[in-house]
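Descriptive structure summary
What follows is each chain in one-letter form.
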Amino acid sequence: MSWDLQRVEDTIRMQEDALADKNQVIRDADFSKDLRAHVLSRDSLLDRMAMMKEIRDEMVKCNGMEDMNDYIAQKALVYTLIQKFKDSKKS
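Now for a quick tour of the structure. (Residues numbered from 1 in each chain as written. Predicted model: local features only at pLDDT ≥ 70, side-chain atom pairs only at ≥ 80, totals over all residues. Heavy atoms only, no water.)

1. A closer look at helix α3 (residues 68-90)
Compared with an ideal rise of 1.5 Å per residue, which puts 23 residues at 33 Å, α3 spans 33 Å between its outermost C-alpha atoms and is within 8% of the ideal. Among the residues making up α3, those that are buried are Gln-74, Val-78, Leu-81, Ile-82 and Phe-85. Of the surrounding elements, those touching the buried residues of α3 are α1 (5-28) and α2 (36-63). Looking at where α3 begins, the residue whose side-chain oxygen comes 3.0 Å from the main-chain nitrogen of Asn-69 is Asp-67. (Helix = DSSP H or I, 4+ residues; strand = E, 2+ residues; numbered from the N terminus. Expected span 1.5 Å × (residues − 1). Buried < 20%, exposed > 50% of the residue type's maximum accessible area, 1.4 Å probe, protein only. Contact = heavy atoms within 4.5 Å. Polar contact = N/O pair within 3.5 Å; in protein donor to acceptor, adjacent residues only side chain to side chain.)

Right, here's the structure in full:
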């Protein structure tokens with residue numbers, strides 16, 4: 001699966017939908033329900049969303065770059081961020 005701006009945007013939208021669902025589950029829960037697992041899952045999702053938004057922002061920066069050396073450096077940064085995101089899903 002290739003990484004491009006459209007895929008990142010789609011993933012962010014799916015994450016935002018998942019966050020809304022998690023928030024609703026937490027809001028709808030009875031006060032006697034243990035929500036720790038839901039809260040941890042929500043926190044993890046927020047971390048992944050922040051990473052994905054950073055990837056998106058850095059991809060967008062690539063689009064406006066004229067200097068090839070700057071473009072290569074920016075693309076390497078995006079690659080590194082994607083690897084960091086993939087590694088975070090393993091833990």
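Still to come is the rest of the account.
2. What to know about the pattern of salt bridges
Counted under the stated rule, the structure contains five salt bridges. Between Glu-16 and Lys-53 there is a salt bridge, with the nearest N and O atoms lying 4.0 Å from each other. Here the residue Glu-16 occupies a position in helix α1, and Lys-53 occupies one in helix α2, the gap between them amounting to 37 residues. Taking relative accessible area as the criterion, Lys-53 reaches 29% and is therefore assigned partly exposed. Among the ionic pairs, Asp-34 bridges to Arg-36, the shortest N-O distance being 2.7 Å. (Salt bridge = Lys/Arg side-chain N within 4 Å of Asp/Glu carboxyl O.)

3. Details of the nonpolar core
Of all hydrophobic cores here, the largest spans 12 residues; its members are Trp-3, Val-8, Ile-12, Met-51, Met-52, Ile-55, Met-59, Cys-62, Val-78, Leu-81, Ile-82 and Phe-85. Only α1, α2 and α3 provide two or more residues apiece to this core. (Core = buried A, V, L, I, M, F, W, Y, C linked by side-chain atoms within 4.5 Å.)

4. Quick word on α1
Helix length check: α1 (24 residues) gives 35 Å between terminal C-alpha atoms against 34 Å at 1.5 Å per residue, within 8%. If you check which residues of α1 are buried, you get Val-8, Thr-11, Ile-12, Gln-15 and Leu-19.

5. Section: the packing of aromatic side chains
Applying the stated criterion across every chain yields a total of one aromatic pair. Between Arg-7 and the ring centre of Trp-3, over which it is positioned, the NZ or CZ distance is 4.2 Å. (Phe/Tyr/Trp six-rings, centres within 6.5 Å; stacked < 30°, edge-to-face > 60°. Lys NZ or Arg CZ within 6 Å of the ring centre and 35° of its normal.)

6. A closer look at the side chain of Gln-15
Along the chain, Gln-15 falls in helix α1. With a relative accessible area of 7%, Gln-15 lands in the buried category. Ignoring sequence-local partners within four residues, the contact set of Gln-15 consists of Leu-45, Arg-48, Met-49, Met-52 and Phe-85.

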